[in-house]
Amino acid sequence: MFPRLACAIAGVTLSALTSLHSLSVQAKAPVDPGALHTDALQDLFFGEALFNAYQDNYVDAIIGLDTELKQHRLLDDPERDPFRVHFGQAEFAVGDLELSYRMHREAGRAMQQVLQGNVAQPIKNEAAYRLAKIHYQKQQFANALHALELIQGRVPERVRPQEQFLRARVYMQLGRFEEAVALLEDLKGEKSLQGFVEYNLGIALLRAGETEKGVLVLDGLGRNAGSGTAAQALQDKTNLLLGNQLMKAEEFDRARKYFERVQLSGPFSDQALLGAGWVEANAGRFDRALVPWRMLKQRRATDAAVHEAMLAVPYAYGKLDVHSTAAVNYGEALDLFGEQVDVLTRSITSIREGKLLEALRRKEASQVKNWVVELRKLPGAPETHYLLDLMASNDYQEFLRNYQDLNDLYERNRDWLQSLDAFEDIIALRRNYYEPILPGLDVAFRQVDARIKMRLEQRARLAARIDNLLVNRRPELLAKSDETEARLMLAQIREILAYNPSLSSEETEDRIARLEGILNFRLSREFDDRLTTAYKNLQELDGVIAVLQETYQRYVRTRQAATHSYEGYSDQITSLRAGLNRAQRRIDQLMARQGSMLEQLAIHELDQRRAQLESYQIKARFALADSYDRANELQERREDERKVEEYREQVDQLQQAEPAVNPDGELLPTDNPPELEAPAPEAIQDAADGEGAGDA
Amino acid sequence: MRRILITLATAVLLSLSVLASAQNVSREEIRGLDEQIQDVKKDVIGLTSELNRLEEKLLFPSNTQAAFFISLAGAASSDDFSLESVEVKLGDQVVAHHLYTYREIEALQQGGVQRIHTANVQTGTHPLVVSYFGKSKSGKEYRGSASYSVEKAVGPKFVEIQIAGTQSAIHFKDW
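Residues numbered from 1 in each chain as written. Chains lettered and ligands numbered in written order. Predicted model: local features only at pLDDT ≥ 70, side-chain atom pairs only at ≥ 80, totals over all residues. Heavy atoms only, no water.

Going by an unreviewed UniProt entry, chain B carries the name AraC family transcriptional regulator and comes from Microbulbifer salipaludis.

Under an unreviewed UniProt entry, the name given to chain A is Tetratricopeptide repeat protein, and the source organism is Microbulbifer salipaludis.

What follows concerns the overall build of chain A. Each helix and strand counted, chain A has 27 helices and zero strands in total. Relative to its full complement of 696 residues, chain A shows a buried share of 44%. The contacts in chain A between residues at least 6 apart in sequence include a share of 66% that link residues at least 24 apart. Per element, the accessible surface of chain A, about 37000 Å² overall, is 51% carbon and sulfur. (Helix = DSSP H or I, 4+ residues; strand = E, 2+ residues; numbered from the N terminus. Buried < 20%, exposed > 50% of the residue type's maximum accessible area, 1.4 Å probe, protein only. Contact = heavy atoms within 4.5 Å. Areas by Shrake-Rupley, 256 points an atom, 1.4 Å probe, with all protein chains shown as cover.)

All names here are of chain A. For helix H15 (residues 269-282), which comprises 14 residues, the first-to-last C-alpha distance of 20 Å matches the rise-based estimate of 20 Å (1.5 Å per residue) to within 8%. Taken across its 14 residues, H15 has 13 buried, putting it largely inside the fold. Phi turns positive one or two residues past the end of H15, at glycine 284, with a value near 85°. (Expected span 1.5 Å × (residues − 1).)

All names here are of chain A. Positive phi, close to 60°, is recorded for glutamate 250, a residue that is not glycine. Along the chain, glutamate 250 turns up in the loop between helix H13 (229-248) and helix H14 (252-261). Here the phi dihedral of aspartate 321 falls at roughly 65°; this positive angle occurs in a residue that is not glycine. With respect to the element layout, aspartate 321 can be found in the loop between helix H17 (304-319) and helix H18 (323-352).

Here the second largest pocket defines a volume of roughly 1300 Å³. Taken together, 36 residues make up the lining of the second largest pocket; nearest its centre are Phe45, Glu48 and Thr67 of chain A together with Glu56 and Arg115 of chain B. For the lining of the second largest pocket, the secondary structure elements donating two or more residues are helix H3 (44-54), helix H4 (58-74) and helix H22 (394-471) of chain A together with helix H2 (27-59) and strand E4 (114-120) of chain B. Grouping the constituent residues of the lining of the second largest pocket by class yields 13 nonpolar, twelve polar and eleven charged. (1 Å grid on protein atoms, 1.4 Å probe; cavity = no way out; pocket = protein on both sides within 12 Å on 5 of 7 lines; lining within 4 Å. Points joined across faces, edges and corners; volume = space filled by probe spheres on them. Nonpolar A, V, L, I, M, F, W, Y, C, P; charged D, E, K, R; others polar.)

For the rest of this paragraph, the subject is the pattern of salt bridges. Tallied over the entire structure, the rule returns 53 salt bridges over all chains. Between arginine 254 of chain A and glutamate 251 of chain A there is a salt bridge, with its nearest N and O atoms 2.8 Å apart. A residue is classified by how much of its surface remains accessible, and arginine 254 of chain A, at 29% relative accessible area, is partly exposed. A residue is classified by how much of its surface remains accessible, and glutamate 251 of chain A, at 29% relative accessible area, is partly exposed. A salt bridge links aspartate 174 of chain B to lysine 157 of chain B, with the nearest nitrogen and oxygen atoms 3.3 Å apart. (Salt bridge = Lys/Arg side-chain N within 4 Å of Asp/Glu carboxyl O.)

All names here are of chain A. Relative to the helices and strands, arginine 176 resides in the loop between helix H9 (160-173) and helix H10 (177-187). Arginine 176 sits in the partly exposed class, given a relative accessible area of 29%. A sequence separation of 469 residues divides arginine 176 from glutamate 645, and the C-alpha atoms of the two residues are 74 Å apart. For arginine 176, the contacting residues outside a window of four places in its chain are Leu145 and Tyr171.

Residue and element names in this part refer to chain B. Of the residues in chain B, 82% reach a pLDDT of 70 or more, and the chain-wide mean stands at 82. By mean pLDDT, the top-scoring element of chain B is strand E3 (residues 93-99) (95), and the lowest-scoring one is helix H1 (residues 2-25) (42). Note that residues 1-25 has pLDDT below 50 and, in this model, 30 contacts with residues that lie over four places away or in other chains. Scoring of the predicted complex yields 0.71 for pTM and 0.86 for ipTM. (pLDDT = per-residue confidence, 0-100.)

All names here are of chain B. Spatially, four strands are ordered E4-E1-E7-E8 in an open sheet, and the strand pairing comes out mixed. The sheet is open, and its two borders are formed by E4 and strand E8 (169-174), each paired with just one other strand. Sheet twist, expressed as the mean angle between neighbouring strand axes with direction ignored, is 20°. (Pairing = 2+ DSSP bridges. Axes fitted to C-alpha atoms, helices over the stretch in contact; angles between N-to-C directions.)

Let us now look at the interface of chain A and chain B. Each partner contributes residues to the interface: chain A has 71 residues there, and chain B has 57 residues. Buried surface at the junction of chain A and chain B, both sides included, amounts to about 6400 Å², of which 67% is carbon and sulfur. A salt bridge links arginine 115 of chain B to glutamate 48 of chain A; the nearest nitrogen and oxygen atoms lie 3.1 Å apart. Run the count over chain A and chain B and you get 14 residue pairs in polar contact (both at pLDDT 80 or more). Of all the elements in the fold, those that place two or more residues in the side of chain A that touches chain B are H3, H4, helix H6 (104-116), H15, H17, H22, helix H25 (527-564) and helix H26 (570-656) of chain A. Tallied by class, residues from the side of chain A that touches chain B come to 37 nonpolar, 17 polar and 17 charged. (Buried area = accessible area lost by both parts, 1.4 Å probe. Polar contact = N/O pair within 3.5 Å; in protein donor to acceptor, adjacent residues only side chain to side chain.)

Below, the discussion takes up the packing of H10 of chain A against helix H11 (residues 196-207) of chain A. Residues and elements named next belong to chain A. Look at H10 against H11: their axes get within 9 Å of each other, and the N-to-C directions meet at 150°. In this view, H10 runs roughly antiparallel relative to H11, as classed from their interaxial angle. Of the two elements, H10 crosses H11, and the hand of that crossing is left-handed. Between H10 and H11, the residues in contact are Phe177, Ala180, Val181, Leu184, Glu185 and Leu187 and Val197, Asn200, Leu201, Ala204, Leu205 and Arg207, respectively. (Parallel < 35°, antiparallel > 145°, perpendicular 65-115°, else oblique. Left-handed = near helix turned anticlockwise from the far one by under 90°.)

What follows covers the nonpolar core. Trp293, Phe337 and Tyr396 of chain A together with Phe68, Leu83, Val86 and Leu128 of chain B are the most contacted members of the largest nonpolar core, which totals 196 residues. When sequence neighbours within four positions are dropped, the list of residues in contact with leucine 128 of chain B reads Phe68, Val88, Lys89, Leu90, Ala146, Ser147, Tyr148, Val150, Val159 and Phe172 of chain B. Counting residues in each nonpolar core, the second largest holds eight residues, with Ile466, Leu478, Leu531 and Ala534 of chain A among its members. (Core = buried A, V, L, I, M, F, W, Y, C linked by side-chain atoms within 4.5 Å.)

As a further point, take the sheet that holds strand E6 (residues 141-152) of chain B. Residues and elements named next belong to chain B. Pairing within the open sheet is antiparallel, and its four strands lie in the order E3-E2-E5-E6. What marks the edges here is a single partner per strand, and that holds for E3 and E6. Each adjacent strand pair in this sheet contributes to an overall mean axis angle of 20°, direction not counted. Bridge analysis of strand E2 (residues 81-90) against E3 gives six bridges, and the strand direction is antiparallel. The residue of E3 that forms the bridge with valine 88 is alanine 96. With respect to the sheet, helix H3 (residues 102-109) is in contact with E2 and E3, its orientation differing from that of E2 by roughly 90°.

This is the structure in structure tokens:
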């Protein structure tokens, strides 16, 4: 919002006294539209950084992108990171955001890194363009040109018009107007720069000495700069520039046309009305000059053009020999100047009391439209109408925004310091909760852990045995418990018979052999099925073991998370708190210095305006006295004429009656005083010619 | 009188030049101050970055972290749809209810993504219900509501909630 406001009010500084040089730098190029745009978002966090950047939350946007860039650089296989799609764009975006956040050095370093890096030439070209932009903003025009000269071939099409436009403006600043004209001629018709190209081309032509061509270009722009508030403001500004330029060249008739084109409600209307009056006054048509000046006189009492009109109106009346009206107007001017001097004095006192900085620190300062004007409504705040010109200047804007940035950082840090306290409380709570219960849990866990390990070993043995059975067929190993019992019983019987052969008989032997045969036959016959079942059981066991292992892992993770939730933070928090406190002290000092500079500049501006008004007051007093003198003189002269006329009438009447004579026949002397001697008829005529027709 | 005005004009010019010189005198000081401000900005950005990481680690550890992001789907990214409010319900609880400012709407329309809520949830399935309200340029109102099942595993979970305003639809995407 602030740059837009600045653009709108920048033109207020224009006046008949403004030189052409200061005008050439006023038109600003629009912001590069493609710098942060993405059609296919591949990374959520890049999108989040964009969300912050689009709202001018530069700190959050820079931090977000920086973090992403750092993480991407640390990856073993960055090609698999979706952020790679935005990587190049993010690198430029960080530079752009740093530039927007008035971190020119960091932005410059970022671009220098790209220039020195092993990247494709088009990327280097874009970096060179952006570096040039940084230098231009810092008013280092030779460096800007040097950066532009690093461009080899063409820059990406997306920024090509902006690069050409920047180059032209750099040439203009360096006095190379012919080259600027050539570039700007090429850029004519470029939609994204509509109006700005023509404006700068007109200026460049004028400065290059091609006055008529320049006037022609500006005349076209002054007729139709496009629709919208910004285009209309540019159109008015162009017409005002042309009017002033032609008035300076004493081409009053041509100049009038351009002043008349300026909108009566636009930001340049006051200057245009003043200029229109001067055009007529310079041509000796004071009655016509009064029309715009009287209109201007009714406008905002804080405007410099209005102050000038307050003097210009009676001046014109004086020229028309209407001295009494002139005197009345000078009286009005004196009243207004007196009031405004008081307003300015109060405003200076208010600034000295810190009210300006207090108002600037308010959050709404950056959210309310026309906040510079609005802040005058705050109780005790200075009259900011007098500061509009100052606040519209690039330097002051930079100071203001830096001051607000510092204030924002101070508040952020203060919040973080509170958060750190809260973090410590959380950590203490967690420690108090976990530390007493963790030892008991660990003992239980170790028991469970031992059991899990044992089961895992058993499972491993079973698996090995089954694997072995595939190679060495041993059906007895897959016997069921009753079969194993039977096998053991038969073996025992055989041992008994071997120990006591008398008990043995052929029938017994046959019976034992039959039972063993049955058993072996069954085991052998069912071996494959049993082996398959054993495999299935092992697989089921694997599932159970997987659950067991997952539980085990979850416990380990939870145990670690519990420990990590309170262990190892104290050093980091201590270090961060110290860093924040250091930063707070520095910010505090810098804010004091920056604030003092803002106050000094504002007071200086108001002081100047007050001095100017006081000077106007002195002139108005003299002019008022002069007007009174002239009005009185005129009135006395008329009174004298009236008396002369009366006396003449009396003499005529006397002469028509019988003449008075003394006894010896001589005419009696009259009591006519010498000062009432009738003037010669020519003198009376001259005096009558000198009177204004409508003077009271 | 003309002489008076010429004198006044000269006075204005003189005052302007005095202002200019007053500003020039302190230009070196201004530059020095500006560089110090840039330094402190850089330091604070570094500190804030570290603080953000600490906060995330402490409050939203990766094993329980689930973050939800709002974006406008391609069709809605045009200026025609303006998002007014969004409500997010996780489980049975309303965890976020956001009313959009003009600048936030613009940022979303330009392709920005808003992190609307970060939560700590256990591994497993969690029902998510999102509803929104918005308007078109002509003033027509659009509403939409949709459900989704959030599958939380061991790692952090990120869900993008894409709002296709004029279609009264919501799309979900796991990241």
